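Okay, here's what each chain looks like letter by letter:
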Amino acid sequence: MSTAVAVTGASGFVGQALVAHLLACGRPVRALVHRQAIAISHPDLVTVTGGLSDAAALGELMDGAGSIIHLAGRVRGRDDADFMPVNAEGVARVARVARESSSVARFVLVSSLAAREPGLSPYAASKRAGEAMLAEVAEGSELRCAVLRPPAIYGPGDKELLPLLQLMARGVVPMPGVVGARASLLHVNDLANAAVKLLDSPAQGTYELHDGHDAGYSWEEIATIVESVAGRGRGWHLRLPEGVLRSVAAVNLLAARVFGYLPMMTPGKINELRHPDWVCDNTEITLATGWQPNISLHDGLSPLLPGRTVKPL
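Remember, it's a predicted structure, so these values are computed and weren't measured experimentally.

A. Structural detail: helix H8 (residues 219-230). Here H8 is 12 residues long and its end C-alpha atoms lie 16 Å apart, about the 16 Å a rise of 1.5 Å per residue gives. Most of H8 sits inside the fold, with 9 of its 12 residues counted as buried. Residues of H8 that are buried: Trp219, Ile222, Ala223, Ile225, Val226, Glu227, Ser228, Val229 and Ala230. Directly after H8, the chain includes Gly231, whose backbone phi takes a positive value near 70°.

B. Representation of the environment of Glu208 in the model. The topology assignment puts Glu208 in strand S11 (residues 205-208). Its relative accessible area of 16% is what places Glu208 among the buried residues. The sequence separation of Glu208 and Val147 amounts to 61 residues, and the corresponding C-alpha distance is 8.7 Å. Separated by 3.1 Å, the side chains of Glu208 and Arg116 make a polar contact.

C. Local environment of empty space enclosed by the protein. The tally for this structure, following the rule as stated, stands at 2 cavities of 30 Å³ or more. Roughly 50 Å³ of internal volume is contained in the largest cavity. Taken together, 13 residues make up the lining of the largest cavity; nearest its centre are Asn87, Val91, Leu109, Val110 and Lys127. Of all the secondary structure elements, the ones that give two or more residues to the lining of the largest cavity are helix H3 (80-87), strand S5 (106-110) and helix H5 (122-138). It is H5 that provides the largest number of residues to the lining of the largest cavity, a total of 3 residues. Partitioned by chemical class, the residues of the lining of the largest cavity number 6 nonpolar, 5 polar and 2 charged.

D. Structural context of the pattern of salt bridges. Following the criterion strictly, the structure yields 12 salt bridges and no others. A salt bridge links Glu208 to Arg116, with the nearest nitrogen and oxygen atoms 3.1 Å apart. Placement of Glu208 in strand S11 and of Arg116 in the loop between S5 and H5 is noted, with a sequence separation of 92 residues between them. Residue class for Arg116 comes out partly exposed when judged on its relative accessible area of 21%. Among the salt bridges present, the one from Glu131 reaches Arg149, with a minimum N-O distance of 2.6 Å.

E. Main features of the sheet that holds strand S1 (residues 5-8). Read across the open sheet, the 7 strands follow the order S3-S2-S1-S4-S5-S6-S11; overall the sheet is parallel. For this open sheet the edge positions go to strand S3 (45-49) and S11, each flanked by a neighbour on one side alone. Shown here is a sheet whose adjacent strand axes are inclined to one another by a mean of 20°, direction ignored. Here helix H7 (residues 188-199) sits on the sheet in contact with S1, strand S4 (67-70), S5, strand S6 (144-149) and S11, set at roughly 160° to S6.

F. Representation of the nonpolar core within the structure. In this structure, Val7, Leu18, Val19, Val29, Ile69, Leu148 and Leu209 are the most contacted members of the largest nonpolar core, which totals 35 residues. Those elements that place two or more of their residues in this core are S1, helix H1 (13-24), strand S2 (29-33), S5, S6 and H7. A total of 8 residues in this core trace back to one element, the largest contributor, which is H7. Look past the residues within four positions of Val29 in its chain and what remains in contact with it is Val5, Val7, Val19, Leu22, Leu23, Asp44, Leu45 and Val46.

G. Spotlight on helix H6 (residues 161-169). Of all the residues in H6, the buried ones are Leu161, Leu162, Leu165, Met168 and Ala169. Projected down its long axis, H6 carries its buried residues within an arc of 115°, all on one side. Those residues of H6 that are buried lie in contact with strand S7 (152-154), strand S8 (172-175), strand S10 (185-187), H8 and helix H12 (297-301). The first or second residue beyond H6 is Gly171, which carries a positive phi of 110°.

H. Spotlight on the side chain of Thr289. Checked against the element boundaries, Thr289 lands in helix H11 (residues 283-289). Since its relative accessible area comes to 16%, Thr289 is described here as buried. Engagement of the side chain of Thr289 in a polar contact is seen with the backbone oxygen of Ile285, the distance being 2.7 Å. Within the structure, the side chain of Thr289 is placed 3.1 Å from the backbone nitrogen of Trp291, a separation counted as a polar contact. Non-local contacts of Thr289, meaning those with residues more than four positions away in its chain, are made with Lys197, Leu198 and Ser201.

I. Examining the packing of aromatic side chains more closely. Applying the stated criterion across every chain, the model contains 1 aromatic pair. The interplanar angle of 65° and the centroid separation of 5.7 Å between the aromatic rings of Phe83 and Tyr123 together place this pair among those described as edge-to-face. Of this pair, Phe83 sits in helix H3 while Tyr123 sits in helix H5, and the two are 40 residues apart along the sequence. Stacked on the ring of Tyr123, the Lys or Arg Lys269 has its end atom at 5.1 Å from the ring centre.

J. Up close: the packing of H3 against H5. Here H3 crosses H5 at 25°, and the two axes come no closer than 9 Å. The angle between the axes of H3 and H5 places the two elements in the roughly parallel class. In this structure, H3 meets H5 at a crossing whose hand is right-handed. Residue-level inspection shows Asp80, Phe83, Met84 and Asn87 of H3 in contact with H5, the latter providing Pro122, Tyr123, Ala125, Ser126, Lys127, Ala129 and Gly130.

Conventions we followed
Residues numbered from 1 in each chain as written. Predicted model: local features only at pLDDT ≥ 70, side-chain atom pairs only at ≥ 80, totals over all residues. Heavy atoms only, no water. Helix = DSSP H or I, 4+ residues; strand = E, 2+ residues; numbered from the N terminus. Expected span 1.5 Å × (residues − 1). Buried < 20%, exposed > 50% of the residue type's maximum accessible area, 1.4 Å probe, protein only. Polar contact = N/O pair within 3.5 Å; in protein donor to acceptor, adjacent residues only side chain to side chain. 1 Å grid on protein atoms, 1.4 Å probe; cavity = no way out; pocket = protein on both sides within 12 Å on 5 of 7 lines; lining within 4 Å. Points joined across faces, edges and corners; volume = space filled by probe spheres on them. Nonpolar A, V, L, I, M, F, W, Y, C, P; charged D, E, K, R; others polar. Salt bridge = Lys/Arg side-chain N within 4 Å of Asp/Glu carboxyl O. Pairing = 2+ DSSP bridges. Axes fitted to C-alpha atoms, helices over the stretch in contact; angles between N-to-C directions. Contact = heavy atoms within 4.5 Å. Core = buried A, V, L, I, M, F, W, Y, C linked by side-chain atoms within 4.5 Å. Arc of directions from axis to C-beta. Phe/Tyr/Trp six-rings, centres within 6.5 Å; stacked < 30°, edge-to-face > 60°. Lys NZ or Arg CZ within 6 Å of the ring centre and 35° of its normal. Parallel < 35°, antiparallel > 145°, perpendicular 65-115°, else oblique. Left-handed = near helix turned anticlockwise from the far one by under 90°.

This is the structure we're talking about:
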């Protein structure tokens, strides 16, 4: 039997897709779950309950595992104090336990494309810091590390991007980005496949990836594909002024600080939304692992959106 793979963030949107893919490949999984149970039952799946600050749980998670894929992170927050303990210091804690483990030899960190632009937001800065902390902890050890920086991810169970795409499918098409902006996208199953390919390769370093659409997408192109999948004509394309977005984000951030919740729409998130270039390049990861994306945006959205699927444009 293959050596087990430890997975953090296993009960999340990406985590469950990754665990399912590993199990389908015949790989035993040791999965760290925190507040939410994982909706998968399998004889080769062992779950460990605990957070990234729980050293005992991390030790149990990696007991006998030959490798780890670290997914756990925070996407909502107000400032550095919300993001850094999870997205940066959490990576360091997991890496230290992996380094001290007698069995773990391979560490794959699933970061974010936002780490490419750490000055845009506290979230982006925390992701970049997490990458740096992994390198620092692993330096001088036998732990072989690699980092994935995926772009915006969508798929079954997505609670962030998919609701926006479903709104587009119903005919209301918000356009929050700047004119001419382009971004890559990726289906969650292609991300899971890439993570395992990277895990099984000797490759070290940092790798971006996308769905095979080399130049990324404009908001208009995304809307056209969504409208094609939904089998409808052109929807109501609503370009959102920057001033309106920033006003809403500022009010939301203030409310989050007053009422104590973790917001998604913040000034930093507006910076990310309005950044003109989130286009990825698959060249390095394909050369290093042989990975290729399999799911186009049209095909990936077809089972997820309301409406009638028609032939791609």
